[in-house]
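# Coordinates in review
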Amino acid sequence: MSYLAALDLSISFGGIRAVDDVSFDVEEGEVFAIIGPNGAGKTTLFNLVSGIYSPDGGSVRFAGRDITSLPAHRIAPLGLARTFQNIELFEHATVLQNLLIGRHVHRRSMALSHLLFLPAVRREELEHRRRVEDVIDLLELAHHREQRIANLPYGVRKVVEVGRALCLEPKLLLLDEPTSGLNPEESEDMGFWIEDINRDLGVTVVMVAHDMGLVSRVAGRVLALSEGRVIAEGSPAEVQKNPAVVDAYLGAD
Amino acid sequence: MRFLFKTHYNQDIDHLKHGGDRFWYGLLLVLVAAAPAALGTFYLGELNLVMIYAIAGVGLMLLVGYTGQVSLGHAAFLAIGAYTHSLLLGAGLPFLLSIVAAVLVSALVGAGVGWIALRMTGIYLAIATLAFAMLTEQTISRAEWLTGGFRGLAVPQASLFGMPLTQGWQHYYVTLTLLVLTLLAALNILRSSTGRAMVAIRDSEISAESVGINLAVYKTFAFALSAGITGLAGALFAHRLGYLSPDAFTFLISLQLLLMVVVGGVGSMRGVIYGALFIGFLPQLLAIARDTLPPRIAQAPGLEPGIFGLILVLVILFEPQGIFGRWLKIKSYFQLFPLYRRATHRRQKTYLRTERLR
């Protein structure tokens, strides 16, 4: 039984089948990439897996559990974290607060004890802060800790979003285009971090990517989508040479 | 400019971050505690009203400024708090117990409204809460067997620890104590995971969900908390009015509460206090100004709401962060002197977000 398994996932918006009978398996500990031209259904697939949408058909299993019909806020505590293609950070909060919000699934105290801020709540807050500082160290965000997101450049926001996902201490991380809009240097840093997260923290990574350089460097296996369907699966080199993939990107001759 | 050398995470958690904070807030507390000795009955009463507004403002700020849910119906919770308190006091319940009951009843109704309004946002939520306020006003005026309808309801004399509350200064100290406790509770919520969840919902519902925040639970909780605190203000407001009738809790009161939050500075607890001072003392300033203005302008009908509206428009146009935002700018001007640049506080553009999922 694989770690994350999607079976025959489908969803339609109006008359368009955005995702059409897509199945794939991700093994524990690997880096799995999903590629495809614009509108292939990659982000929709992520939204299905993370519970933002519920599928019209098919199922998703994660760590031996059926999560198909669970809402997003019930999936996150199981150890599945995600980022967004267009960055969905909490704009008017600081980097530190954003990362602390990522600790939400690890809270232990109740809202009523927060009114009084009992000693147990303070101990919990200190624990959260220590864990958040570990992430800040890993992603080199110390310099921006007290900054509001609204004042940060785009590249840093991308990193903060990965940081917030890491604060959940996930077992599986879904990265939606982690390098889109980044300059070559920032992209390379992101590549190293993805490797670190996978190797040192033991987090399984599934990412949507356009950047084939990044995919060949970090991903073990690649799934290619086009118009909501799977057109190829295999190692980065195999998929890049696959005629169906070349067709999808460049058009048939 | 102050540079803080932090050696422990507790320093980021504490309410008072450094010696300066402790000194100024301590001084403020001493001053407001000593106010009854220095102020006459009239101004003491006005200050009492300002603090009642401030309590209601804390409630509304938690909802509007921190959870991002607009409410145009908070006068209803003020009314529910006031009527519950007066009725229970009349039934012989002790003052403190009846206040607690007023808070709980308002919170319960707030939770109900929040739960019903879960799927609504923005302008639709504003309309729904407005409708709820109208409904409450109507219910109070029709339920004559309970509330006396438009004949009104006399607020019974309260007594605390066997001492009847008759003097202005007694009410002043009760309100002051409850305001301080309310502020502390609100700030405690804001520095814990519950408050962060509220901020998360305000800024991005979709990513709040994806970090495991149950939107329904936290939105309902925010409504209940906000309504409960506003109900507390309502209970105190009842003593100020002395006589309750439905037309004391009209739409204009809801609007005034919202104005207070916006003028003070959305998203800051200090803004609530500034806003309350503004709302509380503006009518006095207008009254004074009236004496010097030519009678044709001074006696014009609707002068007061007109000026309130004008101020609201000007604040939203030129200082969206309200009085608190202006204060931050003035402070950094002096801290950075002579290096301050206007661009420091310029609003940054939000990066385009195309992915609208709901």
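So, how was this worked out
- Residues numbered from 1 in each chain as written.
- Chains lettered and ligands numbered in written order.
- Predicted model: local features only at pLDDT ≥ 70, side-chain atom pairs only at ≥ 80, totals over all residues.
- Helix = DSSP H or I, 4+ residues; strand = E, 2+ residues; numbered from the N terminus.
- Rg over C-alpha atoms; globule rule 2.2 N^0.38 Å.
- Buried ≥ 20, exposed ≤ 12 C-beta atoms within 10 Å, placed from the backbone.
- Contact = placed C-beta atoms within 7 Å.
- Domains from an automatic or database assignment.
- Nonpolar A, V, L, I, M, F, W, Y, C, P; charged D, E, K, R; others polar.
- Pairing = 2+ DSSP bridges.
- Axes fitted to C-alpha atoms, helices over the stretch in contact; angles between N-to-C directions.
- pLDDT = per-residue confidence, 0-100.
- Expected span 1.5 Å × (residues − 1).
- Parallel < 35°, antiparallel > 145°, perpendicular 65-115°, else oblique.
- Left-handed = near helix turned anticlockwise from the far one by under 90°.

The secondary structure content of chain A amounts to 10 helices and 10 strands. Against the globule reference of 18 Å for 253 residues, chain A gives a C-alpha radius of gyration of 19 Å, in line with a compact fold. Seen through its principal axes, chain A has C-alpha atoms that stretch 65 × 40 × 35 Å. Across the 253 residues of chain A, 45% fall into the buried class. By sequence separation, contacts in chain A at least 24 residues apart represent 66% of the contacts at least 6 residues apart.

To continue, consider the overall build of chain B. A tally of helices and strands in chain B yields 16 helices and four strands. A globule of 358 residues ought to have a C-alpha radius of gyration of about 21 Å, and chain B, at 21 Å, matches this closely. With the principal axes as the frame, chain B shows a C-alpha extent of 60 × 50 × 50 Å. Taking all contacts inside chain B whose residues are at least 6 apart in sequence as the whole, residues at least 24 apart take part in 75%.

A few words on the domain arrangement of chain A. All names here are of chain A. Segmenting chain A into domains produces domain 1 (1-79 + 170-253) and domain 2 (90-164). Each of domain 1 and domain 2 has a C-alpha centre, and these two points are 27 Å apart. If you look at the interface, domain 1 gives eight residues, while domain 2 gives six residues. By residue class, the composition of the side of domain 1 that touches domain 2 is five nonpolar, two polar and one charged.

Once that is clear, we can look at the sheet that holds strand E10 (residues 229-234) of chain A. All names here are of chain A. Here we have six strands laid out as an open sheet, ordered E6-E7-E8-E3-E9-E10, and mixed in their pairing. Two strands in the sheet have a free side with no partner beyond their single neighbour: strand E6 (80-82) and E10. Direction aside, neighbouring strands of the sheet carry axes that sit 15° apart on average. When E6 meets strand E7 (residues 172-176), the two strands line up parallel, connected through three bridges. Each bridged residue has a counterpart across the sheet, and for Leu-80 the counterpart in E7 is Leu-172. Against the sheet, helix H1 (residues 42-49) contacts strand E3 (31-35), E6, E7, strand E8 (204-208) and strand E9 (221-226), and its axis sits at roughly 150° relative to E7.

Once that is clear, we can look at the interface of chain B and chain A. The interface of chain B with chain A comprises 31 residues on the first partner and 39 residues on the second. Broken down by secondary-structure element, the contributors of at least two residues to the side of chain B that touches chain A are helix H8 (168-190), helix H9 (193-203) and helix H10 (205-210) of chain B. The element contributing the most residues to the side of chain B that touches chain A is H9(B), with seven residues. Along the lines of polarity and charge, the residues of the side of chain B that touches chain A split into 13 nonpolar, 13 polar and five charged.

Residues and elements named next belong to chain A. Phi angles above zero are rare outside glycine, and Glu-140 is one such case at about 55°. For Glu-140, the position within the fold is in the loop between helix H5 (119-138) and helix H6 (154-167). Taking the C-beta count within 10 Å as the criterion, Glu-140 has 13 such neighbours and is therefore assigned partly exposed. Residues other than glycine seldom take positive phi values, yet Glu-177 does so here, at roughly 50°. Mapped onto the elements, Glu-177 comes out in the loop between E7 and helix H7 (184-199).

All names here are of chain B. When the pLDDT values of chain B are averaged, the result is 87; 95% of them are 70 or greater. Contacts from residues 349-358, a stretch scored under 50 in pLDDT, to residues over four places away or in other chains number 11 contacts. This complex was scored by the predictor with a pTM of 0.90 and an ipTM of 0.91.

Time to look at the domain arrangement of chain B. Residue and element names in this part refer to chain B. Domain boundaries assigned for chain B yield domain 1 (1-38) and domain 2 (39-344). Centre-to-centre, using C-alpha coordinates, domain 1 lies 25 Å away from domain 2. At the interface, seven residues of domain 1 touch nine residues of domain 2. In terms of residues, the side of domain 1 that touches domain 2 owes the most to one element, helix H2 (residues 19-38), which gives four residues. Considering only residue class, the side of domain 1 that touches domain 2 consists of six nonpolar, one polar and no charged.

For the rest of this paragraph, the subject is the environment of Gly68(B). Residue and element names in this part refer to chain B. You can see Gly-68 is positioned in the loop between helix H3 (41-66) and helix H4 (74-90). Taking the number of C-beta atoms within 10 Å as the measure of exposure, Gly-68 has 23 and is therefore buried. Sequence separation between Gly-68 and Leu-125 is 57 residues; the distance between their C-alpha atoms is 11 Å.

A few words now on helix H11 (residues 215-241) of chain B. Between its first and last C-alpha atoms H11(B) spans 38 Å; for 27 residues at 1.5 Å apiece the expected length is 39 Å, and the two agree. A positive phi of about 80° marks Gly242(B), the residue just after H11(B).

On to the packing of H5(A) against H6(A), then. All names here are of chain A. Relative orientation of the contacting elements H5 and H6 amounts to 140°, with a least axis distance of 10 Å. The angle between H5 and H6 falls in the class oblique. Crossing handedness for the pair H5 and H6: right-handed. Within the contact between the two elements, H5 uses Arg-131, Val-132 and Val-135 and H6 uses Gly-163, Leu-166 and Cys-167. Its residues assigned to classes, the contact of H5 with H6 comprises four nonpolar, one polar and one charged.

With 99% of its residues at a pLDDT of 70 or more, chain A shows a mean pLDDT of 92. For chain A, per-element mean pLDDT is lowest for helix H10 (residues 243-250) of chain A, which scores 88, and highest for helix H3 (residues 95-101) of chain A, which scores 96.

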